Amino acid sequence: MEKKLYTLLVYSENIAGILNQITAVFTRRQVNIESLNVSASSIPHVHKYTITAWSDEDQITKITRQIEKKIDVVKATWFTDDQLFIRETGLYKLATDVVLQNPKISKAIRKHDAQITEVNPTYVIVMKSGKTDDIMSLYHTLDEFHCVLQYTRSGRIAVTRSTQEQVSEFLEQRERSRF
């Protein structure tokens, strides 16, 4: 089966140890997590895990079901990129002397719609938000100038293209079924 990049959105109560339980599901199935971002969600007392992994549909479905069986997990769903609005942030630390000597570097930063956030005698910090390909494209462009001192990319953040989070619908249905 063909592997592609899937994004899992997992919602859970904020309980110590739940991240370990979630990542253990991937480890048992020998699937490497490409990126992981955890933050509070729009729902009080519920955290959102955005996890990306290369897999096939059958395997990602099984992983999602196993994660959903965890007691403190409220809801887990997998998505393909076309079902989500996705962003990441890249930070690039560049050598100030090289940047000042070569105006093509500043031009490349502007062309990639990135921002210079700090300049000092030693380094320049550039920040780029966008899709993974755009962030990597800027990295490769800057790397050709041999000015990159450090580089990092955040984990993916994502929201569904629907009007509200699926977990909201799930929680509403669960609340109605109690009565």
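Residues numbered from 1 in each chain as written. Predicted model: local features only at pLDDT ≥ 70, side-chain atom pairs only at ≥ 80, totals over all residues. Heavy atoms only, no water.

**Student:** Can you explain the overall build of the chain? Please cite residues and give values.
**Tutor:** Counting its secondary structure elements, the chain contains six helices and nine strands. The C-alpha radius of gyration of the chain comes to 20 Å, more than 25% above the 16 Å expected for a compact globule of 179 residues. A principal-axis box enclosing the C-alpha atoms of the chain has dimensions of 70 × 35 × 30 Å. Relative to its full complement of 179 residues, the chain shows a buried share of 40%. Counting contacts in the chain only where the partners sit at least 6 residues apart, residues at least 24 apart contribute 74% of the total. Approximately 10800 Å² of the chain is accessible, and the part contributed by carbon and sulfur atoms is 49%. (Helix = DSSP H or I, 4+ residues; strand = E, 2+ residues; numbered from the N terminus. Rg over C-alpha atoms; globule rule 2.2 N^0.38 Å. Buried < 20%, exposed > 50% of the residue type's maximum accessible area, 1.4 Å probe, protein only. Contact = heavy atoms within 4.5 Å. Areas by Shrake-Rupley, 256 points an atom, 1.4 Å probe, with all protein chains shown as cover.)

**Student:** Can you tell me about unusual backbone geometry, naming the residues and giving the values?
**Tutor:** A positive phi angle, near 55 degrees, is found at Gln30, a position not held by glycine. With respect to the helices and strands, Gln30 occurs in the loop between helix H1 (18-28) and strand E2 (33-40). Residue classification places Gln30 among the exposed positions, given a relative accessible area of 75%. In this model, Asp113 sits at a positive phi of 60 degrees, which is unusual for a non-glycine residue. Note on placement: Asp113 falls in the loop between helix H4 (103-111) and strand E6 (115-119).

**Student:** An account of the pairing of E2 is needed here, citing residue identities and associated values.
**Tutor:** By the bridge criterion, seven bridges tie E2 to strand E3 (residues 46-55) in an arrangement that is antiparallel. Residue pairing across strands places Leu36 opposite Ile51, the latter belonging to E3. Counting the residues that bridge the hairpin from E2 to E3 gives five residues, and of these His45 lies at a positive phi of roughly 70 degrees. (Pairing = 2+ DSSP bridges.)

**Student:** Any details on the packing of aromatic side chains? Residues and values, ideally.
**Tutor:** Scanning the model with the defined rule gives three aromatic pairs in all. Between Tyr6 and Trp78 the ring centres are 5.1 Å apart and the planes differ by 90 degrees, which places this aromatic pair in the edge-to-face class. With Tyr6 in strand E1 (residues 4-13) and Trp78 in strand E4 (residues 73-79), this residue pair connects regions lying 72 residues apart in the sequence. For Tyr6, a relative accessible area of 2% puts it in the buried group. When the centroid spacing of 5.2 Å and the interplanar angle of 35 degrees are considered together, the rings of Tyr92 and Tyr151 count as tilted. (Phe/Tyr/Trp six-rings, centres within 6.5 Å; stacked < 30°, edge-to-face > 60°.)

**Student:** Pulling in residues and values, what's your account of the side chain of Glu88?
**Tutor:** Here Glu88 lies in strand E5 (residues 84-95). Within the structure, the side chain of Glu88 is placed 2.8 Å from the side chain of Thr132, a separation counted as a polar contact. Here the side chain of Glu88 touches Arg153 through a polar contact of 2.6 Å, side chain to side chain. Residues in contact with Glu88, not counting those within four places in the same chain, are Lys128, Ser129, Gly130, Thr132, Ile135, Arg153, Ser154, Gly155 and Arg156. (Polar contact = N/O pair within 3.5 Å; in protein donor to acceptor, adjacent residues only side chain to side chain.)

**Student:** I'd like a description of the layout of surface pockets, backed by residues and values.
**Tutor:** Approximately 330 Å³ is the volume attributed to the largest pocket. Along the walls of the largest pocket sit 18 residues, with Leu5, Asp81, Ile86, Thr132 and Arg156 positioned nearest its centre. For the lining of the largest pocket, the secondary structure elements donating two or more residues are E2, E3, E5 and helix H5 (132-144). Looking at the lining of the largest pocket element by element, the count peaks at five residues for E5. A per-class count over the lining of the largest pocket returns five nonpolar, three polar and ten charged. (1 Å grid on protein atoms, 1.4 Å probe; cavity = no way out; pocket = protein on both sides within 12 Å on 5 of 7 lines; lining within 4 Å. Points joined across faces, edges and corners; volume = space filled by probe spheres on them. Nonpolar A, V, L, I, M, F, W, Y, C, P; charged D, E, K, R; others polar.)

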